[in-house]
Each structure stands twice: as C-alpha cells, then as structure tokens.
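# Examination of the molecular architecture
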Amino acid sequence: GLSRGFDLAGYRSEIRAMLEGELDMQREAATLERFESLAAGHDWLTTPTVLRTGTRRRVLTMSWVPGVPFDATKDWRIEERTEAFERLLEFTLRG
C-alpha cells in the first residue's frame, strides 16, 4: 500500500497539469516555431513549419518534411553517424 503522508491528489494534479500542457497544441506550435527559429541557418537541419490557419488548441497543423526515422542511422557508416552526432550535439549545446 501507499505509505502514510503520501499525497496522491498532489501527484494527480501535477500529472494532469503536465498532460494538459503537452496536449495544448497552441503551446506546442509556439515551441515548434521557436525551434524553427533556432534551426535557421543550419542548412542540414529541416523543421516543419506551423500552419497557423489550421492550428487550434487541440489540433497542430504543420508542413510535411520528408525524412528517415532516427533509428535508420544504425545502417549508416560510422563516419556518417559521427558527423550527425557531432552536428546535433553542437546545435544542442549552442541552442
């Protein structure tokens, strides 16, 4: 059982707030737009563009960006994987 003093209602409240934030597509759209602006100037990194006319609180509409799943890199040569890792690491650290 749960130990005495465990605040289940508090945890439930926190989880609910986190989920509501994650499911707010207007908020997600703003996050994607910020990421898109950070990625500008990095020609090797392509991000989808938010289509505001179709985006609502429960619907995120964005452009299509063709690509490959991240796990496809396991079939790349080690030099290609290393280059991709280094670019992503540099982008992440410089933000």
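First, a word on what this report is: a plain description of the structure on this page. All values derive from a computational prediction rather than experimental measurement.

### With respect to the pattern of salt bridges
- All chains considered together, the criterion is met by six salt bridges.
- A salt bridge links E20 to R16; the shortest N-O distance between them is 2.9 Å. Placement of both E20 and R16 in helix α1 (residues 8–22) is noted, with a separation of four residues, approximately one turn of the helix.
- The partly exposed category is assigned to E20, whose relative accessible area is 40%.
- Using a relative accessible area of 57% as the deciding quantity, one classes R16 as exposed.
- Two residues, R77 and E79, come together in a salt bridge whose shortest N-O distance is 3.4 Å.

About the thresholds
- Residues numbered from 1 in each chain as written.
- Predicted model: local features only at pLDDT ≥ 70, side-chain atom pairs only at ≥ 80, totals over all residues.
- Heavy atoms only, no water.
- Salt bridge = Lys/Arg side-chain N within 4 Å of Asp/Glu carboxyl O.
- Helix = DSSP H or I, 4+ residues; strand = E, 2+ residues; numbered from the N terminus.
- Buried < 20%, exposed > 50% of the residue type's maximum accessible area, 1.4 Å probe, protein only.

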